[in-house]
Amino acid sequence: DWYFREWLSALHLKQARIVDLTGWSKGKVSKLYNGDATYTRDIVNEVARAIHIRPFELLLHPEDAMAIRRLRESAVT
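Since this is a predicted model, take the numbers as computed values, not measurements.

Cut-offs used in this document
Residues numbered from 1 in each chain as written. Predicted model: local features only at pLDDT ≥ 70, side-chain atom pairs only at ≥ 80, totals over all residues. Heavy atoms only, no water. Helix = DSSP H or I, 4+ residues; strand = E, 2+ residues; numbered from the N terminus. Buried < 20%, exposed > 50% of the residue type's maximum accessible area, 1.4 Å probe, protein only. Areas by Shrake-Rupley, 256 points an atom, 1.4 Å probe, with all protein chains shown as cover. Lys, Arg positive; Asp, Glu negative; His and termini not counted. Charge placed at Lys NZ, Arg CZ, Asp CG, Glu CD. Core = buried A, V, L, I, M, F, W, Y, C linked by side-chain atoms within 4.5 Å. Contact = heavy atoms within 4.5 Å. Arc of directions from axis to C-beta. Salt bridge = Lys/Arg side-chain N within 4 Å of Asp/Glu carboxyl O.

(A) Broad picture of the overall build of the chain. Helix and strand counts for the chain come out as five helices and zero strands. Its helices and strands in sequence order give the chain the pattern α-α-α-α-α, from N to C terminus. Each principal axis of the C-alpha atoms in the chain carries an extent, and together these give about 45 × 20 × 20 Å. Within the chain, the fraction of its 77 residues that count as buried is 27%. Only carbon and sulfur atoms are counted for the fraction: they give 51% of the accessible area of the chain, which is about 5,300 Å². The average position of the 12 basic charges and that of the 10 acidic charges among the side chains of the chain differ by 4 Å.

Now the structure itself:
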């Protein structure tokens with residue numbers, strides 16, 4: 001599953017902001033947020049682009065994604 005709801009919470013974003021960023025209807029965003037609609041690769045890519053994260057990160061809890069980012073950064077330095 002994906003972590004759309006958790007990412008919005010972690011980034012302090014409201015559903016209305018996703019509507020603004022993607023041009024999707026309020027209904028579509030609400031259904032995705034509440035798990036009443038299935039997501040596709042295109043939806044994951046568009047959400048990721050809109051909130052400036054990598055698409056695969058939407059498939060991880062934000063805490064896990066951030067831990068991977070920190071690990072990657074520490075390996076580089």
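(B) Geometry of the nonpolar core. Counting 17 residues, the largest nonpolar core has W2, F4, I18, W24, V47, I51 and L58 as the members making the most contacts within it. Looking at this core element by element, the count peaks at five residues for helix α4 (residues 41-51). With near-sequence residues (within four places) excluded, V47 lies in contact with W2, F4, W24 and L58.

(C) Structural detail: helix α2 (residues 15-22). Buried within α2 we find I18, V19 and T22. Projection of α2 onto a plane perpendicular to its axis shows the buried side chains occupying an angular sector of 105°, all on one side. In α2, those exposed residues whose orientation departs by more than 90 degrees from the buried face are A16 and D20. Here the buried face of α2 lies against α1 (4-10), α3 (26-34) and α4.

(D) Inspection of the pattern of salt bridges at higher detail. According to the stated counting rule, one finds one salt bridge in the structure shown. Across the pair E57 and R69 runs a salt bridge, and its minimum N-O distance is 2.7 Å. Taken together, the residues span a long stretch of sequence, with E57 in the loop between α4 and α5 (62-76) and R69 in helix α5 at a distance of twelve residues. On the accessibility criterion, R69 (27% relative accessible area) is partly exposed.

(E) Region of interest: the side chain of E57. Overall, the relative accessible area of 3% leaves E57 in the buried class. Contacts of E57, omitting those with residues within four sequence positions, involve W7, A65 and R69.

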